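Next come the chains, spelled out residue by residue.
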Amino acid sequence: MDNNKNISQKRPNNLINETSPYLLQHAYNPVEWYGWNKDALERSKKEDKPIFLSIGYSSCHWCHVMAHESFEDNDIAKIMNENYINIKLDREERPDIDDIYQRACQMYTGNGGWPLSVFLTPDQRPFYIGTYFPKESRHGLPGFGTILSKLADGYKNRRNEVISSSQEFVTALRDSSTDIVSDSESELEKTILNEAAVILLQLADNLHGGFGSAPKFPNASNLLFLLRAYDYSGITKYRDFVLFTADKMDSGGIHDHVGGGFARYSTDQRWLVPHFEKMLYDNALLSVFYSELYALTSNSNYLNVLQKILRYVQREMTSNGGGFYSSQDADSEGEEGKYYLWSYKELEKILDHEIFEIFTDRFGITQGGNFEGKNILNKYTSIQRLSQRYSKPQEWIAEKIEESLEKIYQIRLKRIKPGTDTKILTSWNGLMISGFISGYKVTGNLSYLENAQRAIQFIENNLTYDENRLNRVFNKVSKISGYLDDYAFYVEALIDLFSVDSKSYYIERAIDYTNSMIEHFWDTESNDFFFTPNDNEKLIVRTKNHYDLAIPSGNSVATSNLIKLYYYTQNEDFLVKADKMIRRLARPASGNPFGFGQLLSAIYLRIKTPLEISIIKQSGYSELGNYLNRKFLPNAITAIVNESDLSELEKYPYFKKKSSKNTEKEFAFVCKDFTCSLPINTINELEKKIS
């Protein structure tokens, strides 16, 4: 037995005092880890030792690999402890630090990712950087032990070279502290939406859906923008590509057909083999996406996908207090995907003989398997084709398939589960709240609305301070002052909830947090938002993010929020700031629409004058509200309010003069360009006004 290879040691390191599940995974490494804190940074200066900074997250597969290979090895730990101050960082807790050094990694190596391995001077300047390093040299990658020794020697004996390298890094970082180059403002042309959509479709994979090749991500922001480009232009190819992509994603293995929800990305071009980790933000954004598709098409399959996503989040990702967990690992029992894979014989034992053959035909199950000898379920044969092949009604087959999937799910629950990262992030919770509200709108399922309301209450009770400030993370304790994403995504959630449950509390909190965001994040020189607040810990650069990639940027979501809040409040400052951001970013967005899907949706909302639709109801249920919620109206700014609550809202211009002497019936107003209809009492009248 190799005594140099430890899985754990009895004596914990400093990470034992952390609350992040990712950091706690390393609390018994022989490496003398620290969290990112003042004590660790001061010790580096006092002892004149460089910092080794390792950044990852709980569900990161290669983070676990590097930990097992190197951080649990006594020989490697000895080199690290003697020569470095070693700091572990959860990138989801401190995205500000991760963003800085990811930028450095991309400049130095041409790519980034996790685990991120950064060597810093005591004043936090990077002088060497990479991602995963194997313990021993292989496949052209230098061994981690070799790197540690050489860099330690360089820091001691060739200090001038190290300092020079770090200064070059910092200069480049300061030059690239924002995602975009353009500082000039451009006029908002109506053609920008169509131009951006045309360019975006040039990146489309017309064989498998989505954009580009492998690895393939859902890119929900871009798909949602194309739906708005279709709504604005009527050009059906935008809609058709989105529907095609939605069907391909749903059919593939990236979709967990047994338990619901989507994996982070597909490792292949055709969505079959996922990277099995599941992230809350993907499932939040895809909830909104499939809700909109169902509203647009009334296709019951999109409803089924939506309901399975939300059921997955309810069953596996919701805390007792109502907040939503962050992610689930790809690995269980040391193997990636083991929890999700099925053998032919295993399924044969579980399923009734009557349905087994149909089930295997439906999901492409074979004795040889489609992934390392086992099977990833994917929709291989349509229900219609199965009906013809087996002479059974489509309804019967669909019902039996769903019953079988639930049966398999219950069996799967008995397996050893992948780890769940139970920390609760304000920003990702904001996205998921919006996902549940989208689901509520198209289904009327009150449990979805209750999930959203409980999560709002959780954040208000656990993640706020100084009245209008937000913290980033809750895991036993609430900590780390919130970043731009936390404010923008949570405000969006408050606005979304207000649009269907128009209580003054939600709009007031949305305004309060927006004003706080402007006070602490707004850059008066370049007219956009910093990622960090002005009272944040001072790092080597203060960055800005504008790209909408796997997660939309805080700047883009804030732009949409400001436009919506303007229509509710007529606060000119909100619209002025939104317009300044749009004019600055319009040119980069039209030239590179792949990175600006959410911003382009904000531009759509600004160009296509919003429809203001208010419904004043007399009781809990609203027939007009139910009709309105199920419509695909991406430019609508709505309110569904009880007559008894209207007096509290009349201070906002949106609600002035919207009461009625007739209190027996509910009624609606439709306003556009500051001109409002007379009170509307029937669905037919409402439909005419909004169509």
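Quick note: structure is the one above.
Rules behind the numbers
Residues numbered from 1 in each chain as written. Predicted model: local features only at pLDDT ≥ 70, side-chain atom pairs only at ≥ 80, totals over all residues. Heavy atoms only, no water. Pairing = 2+ DSSP bridges. Helix = DSSP H or I, 4+ residues; strand = E, 2+ residues; numbered from the N terminus. Phe/Tyr/Trp six-rings, centres within 6.5 Å; stacked < 30°, edge-to-face > 60°. Buried < 20%, exposed > 50% of the residue type's maximum accessible area, 1.4 Å probe, protein only. Salt bridge = Lys/Arg side-chain N within 4 Å of Asp/Glu carboxyl O.

Draft legend 1. Fine view of the sheet that holds strand β8 (residues 278–279). A sheet is described by the order of its strands in space; here 3 strands give the open sequence β8-β9-β12, paired in antiparallel fashion. Edge strands, defined here as strands with exactly one partner in the open sheet, are β8 and β12 (420–421). Pairing of strand β9 (residues 327–328) with β12 involves 2 bridges; the strand directions are antiparallel. Considered in β12, the bridge of Q328 is made with T420.

Draft legend 2. Region of the structure containing the packing of aromatic side chains. In total, this model carries 43 aromatic pairs according to the counting rule given. Here the aromatic rings of F52 and F119 are separated by 5.0 Å at their centres, their planes lie at 45 degrees, and the arrangement is tilted. With F52 in strand β2 (residues 51–56) and F119 in strand β4 (residues 116–120), the pair connects residues that are 67 residues apart, well separated along the chain. The exposure classification of F52 matches that of F119, with both residues buried. The interplanar angle of 10 degrees and the centroid separation of 5.8 Å between the aromatic rings of F276 and Y340 together place this pair among those described as stacked. In this pair, F276 sits in the loop between β7 (274–275) and β8 while Y340 sits in the loop between β11 (335–336) and α13 (344–350), placing the two residues 64 residues apart along the sequence. Given the relative accessible area of 10%, Y340 is considered buried.

Draft legend 3. Region of interest: the pattern of salt bridges. Counting across every chain of the model gives 44 salt bridges. K423 is the salt-bridge partner of E92, the closest N and O atoms lying 2.7 Å from each other. Of this pair, E92 sits in the loop between β3 (85–90) and α5 (95–109) while K423 is found in the loop between β12 and β13 (424–425), placing the two residues 331 residues apart along the sequence. For the residue pair E92 and K423, the accessibility class agrees, reading buried in each case. Taking the shortest distance from any N to any O, the salt bridge between K503 and D501 comes out at 2.7 Å. Owing to a relative accessible area of 36%, K503 belongs among the partly exposed residues under this scheme.

Honestly, that's just the spatial picture; any functional story needs more than this.
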